[in-house]
Amino acid sequence: LVYIPDNFEPRSSRVVVVIHGCLQTPESMALGTGWNNKADQHNLVVIYPRVPRESHPIDCWSWYLPENQARE
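Right, let's walk through the structure included here. (Residues numbered from 1 in each chain as written. Predicted model: local features only at pLDDT ≥ 70, side-chain atom pairs only at ≥ 80, totals over all residues. Heavy atoms only, no water.)

**With respect to the environment of Asp40**
Here is step 1: Structurally, the position occupied by Asp40 is in helix H2 (residues 35-42).
Here is step 2: Here Asp40 falls in the partly exposed class, since its relative accessible area comes to 25%.
Here is step 3: Here the alpha-carbon distance between Asp40 and Phe8, two residues 32 residues apart in the chain, equals 7.9 Å.
Here is step 4: If sequence neighbours within four positions are ignored, Asp40 has contacts with Tyr3, Pro5, Asp6 and Asn7. (Helix = DSSP H or I, 4+ residues; strand = E, 2+ residues; numbered from the N terminus. Buried < 20%, exposed > 50% of the residue type's maximum accessible area, 1.4 Å probe, protein only. Contact = heavy atoms within 4.5 Å.)

Here is the structure:
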């Protein structure tokens, strides 16, 4: 899920990645966090990635695993 502000200005825009919690979805994070309002105020593109369904039984990001704490 990607949110682009209404008054998007590419030259001054920044990107924010918002990671949802367990048992959540990108849509629920977008609705519950207010990031889209901040995006409109500060010309931010907000990316809400989704955990692949088969990767975790309750849709958690496995950031706590050592193999997921490095690039690539």
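**Examining the environment of Ser12**
Here is step 1: You can see Ser12 is positioned in the loop between strand S1 (2-3) and strand S2 (14-17).
Here is step 2: With 46 residues separating them in the primary sequence, Ser12 and Ile58 have C-alpha atoms 37 Å apart.
Here is step 3: Engagement of the side chain of Ser12 in a polar contact is seen with the side chain of Asn43, the distance being 2.9 Å. (Polar contact = N/O pair within 3.5 Å; in protein donor to acceptor, adjacent residues only side chain to side chain.)

**Focus on unusual backbone geometry**
Here is step 1: Positive phi values are uncommon outside glycine, yet Leu23 reaches one of about 65°.
Here is step 2: Positive phi values are uncommon outside glycine, yet Asn43 reaches one of about 55°.
Here is step 3: Mapped onto the secondary structure, Asn43 falls in the loop between H2 and strand S3 (44-47).

**A word on the pattern of salt bridges**
Think of it this way: side chains of opposite charge can pair up when their charged atoms draw near.
Here is step 1: Enumeration according to the criterion identifies two salt bridges in this entry.
Here is step 2: One salt bridge in this structure joins Arg50 and Glu27, with 2.7 Å as the shortest N-O distance. Highlighted residues: Arg50 in the segment after S3 and Glu27 in helix H1 (residues 26-33), separated in sequence by 23 residues.
Here is step 3: Arg53 serves as the salt-bridge partner of Asp59, at 3.0 Å between the closest nitrogen and oxygen.
Here is step 4: Relative accessible area serves as the criterion here: at 55%, Arg53 is assigned to the exposed category. (Salt bridge = Lys/Arg side-chain N within 4 Å of Asp/Glu carboxyl O.)

**Quick notes on the nonpolar core**
Here is step 1: Grouped together as the largest cluster of nonpolar side chains are nine residues: Tyr3, Val16, Val18, Met29, Ala30, Ala39, Leu44, Val46 and Tyr48.
Here is step 2: At the level of secondary structure, the elements contributing two or more residues to this core comprise H1 and S3.
Here is step 3: Ignoring anything within four residues of it in the chain, the contact list for Met29 reads Val18, Ile19, His20, Gly21, Gln24 and Tyr48. (Core = buried A, V, L, I, M, F, W, Y, C linked by side-chain atoms within 4.5 Å.)

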